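These are the residues of each chain, in order.
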Amino acid sequence: MDRMRLDKWLWAARFFKTRSLAVHEIGAGRVLVGGQPAKPAREIAVGDLIEVRRAGSPPVQVAVRALSLVRGPAPQAALLYEETPDSVAARERATEMRRLAPEPARDFEEGRPTKRDRRQMDRWRGR
């Protein structure tokens, strides 16, 4: 086997829990092959560069190292791809930024503004 469908590979490599979820994400344009949008039936081979974008995290760029028709355990699935150094660096930077970001709930010392507080803020802003 030297080629296989993109959606099957993403499922086998454990990027998505189901093939239908992989198909949905590919159709939404969140998976790129070689920098180009792809279709679920796109044939991929060893050496192809795949980018998977997920909400709230930087895109993951991986190079296909092996093909598998079965979904195995996570350690075995991790052998199917190799993450690019740029992707690893971007992921570590995002993790560090999240760690250093201030806690959003600390801004609310007295809870949500009441209707009276909101009207008072509107008056201060000249609305």
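Within each chain, residues carry numbers counting from 1 in the order of the written sequence. A pLDDT threshold of at least 70 governs which residues receive local features in this predicted model, and a stricter bar of 80 or more applies before side-chain atom pairs are shown or counted, although totals over entire chains, interfaces and linings include all residues. Values shown for side chains rest on all heavy atoms present in the structure; no hydrogens or waters enter the calculation.

Looking at an unreviewed UniProt entry, one finds the protein named RNA-binding S4 domain-containing protein, with Castellaniella daejeonensis as its source organism.

*Asks:* Can you break down the sheet that holds strand β3 (residues 36–37) residue by residue, with the values?
*Replies:* When DSSP finds at least two bridges between two strands, those strands are taken to pair. Under the scheme used here, helices are H or I runs from DSSP no shorter than 4 residues and strands are E runs no shorter than 2 residues, and both carry numbers assigned from the N terminus. Spatial ordering of the open sheet is given by β3-β2-β5-β6-β7, a layout of 5 strands whose pairing is antiparallel. In this open sheet, the two strands that pair with only one neighbour each are β3 and β7 (81–83). Bridge analysis of strand β2 (residues 31–33) against strand β5 (residues 49–54) gives 3 bridges, and the strand direction is antiparallel. Looking at the pairing, Val-33 lines up with Ile-50 of β5. Only heavy atoms enter the contact rule, under which two residues are in contact if any of them lie within 4.5 Å. Axis lines are fitted to C-alpha atoms, over the contacting stretch for helices. Their N-to-C directions set the angle, which ranges from 0 to 180 degrees. Each of β6 (57–64) and β7 is contacted by helix α4 (residues 85–100), which is oriented at about 160° to β6, the strand it contacts most.

*Asks:* Explain the pattern of salt bridges to me, and be specific about the residues and the numbers.
*Replies:* Think of a salt bridge as a Lys or Arg side-chain nitrogen and an Asp or Glu carboxyl oxygen that are within 4 Å of each other. As enumerated under the stated definition, the model contains 8 salt bridges in all. The closest approach of N and O atoms between Arg-91 and Glu-83, which form a salt bridge, is 2.8 Å. Exposure classes here rest on a 1.4 Å probe applied to the protein chains alone. A residue is buried below 20% of its type maximum, exposed above 50%, and partly exposed in between. Judged by relative accessible area, which is 22%, Glu-83 ranks as partly exposed. Across the salt bridge formed by Arg-118 and Asp-122, the nearest N and O atoms sit 3.4 Å from each other. Highlighted residues: Arg-118 and Asp-122, both in helix α5 (residues 115–125), separated by 4 residues, approximately one helical turn.

*Asks:* Tell me about the packing of aromatic side chains, residues and numbers included.
*Replies:* In this description, a pair of aromatic rings is defined by centroid distance and the angle of the planes. By convention, a stacked pair of Phe, Tyr or Trp rings (six-membered ring in the case of Trp) has centres within 6.5 Å and planes under 30 degrees apart, an edge-to-face pair has planes over 60 apart, and any other such pair is tilted. Tallying each qualifying case throughout the model produces 3 aromatic pairs. Summarising the aromatic geometry, the rings of Phe-15 and Tyr-81 are spaced 4.9 Å apart at their centres and angled 45° between planes, so their arrangement reads as tilted. Within this pair, whereas Phe-15 is found in the loop between α1 (6–12) and α2 (19–27), its partner Tyr-81 is found in strand β7, the two being separated by 66 residues in sequence. Using a relative accessible area of 11% as the deciding quantity, one classes Phe-15 as buried.

*Asks:* Residue-level account of the side chain of Glu-51, with values.
*Replies:* By the secondary structure assignment, Glu-51 is in strand β5. Within 3.5 Å is the distance limit for a polar contact, defined as a pair of N or O atoms, with the added protein rule that one can donate a hydrogen and the other accept it, and that residues adjacent in sequence qualify only through two side-chain atoms. At a separation of 3.3 Å, a polar atom in the side chain of Glu-51 contacts the side chain of Gln-61. Ignoring sequence-local partners within four residues, the contact set of Glu-51 consists of Arg-30, Val-31, Leu-32, Pro-59, Val-60 and Gln-61.

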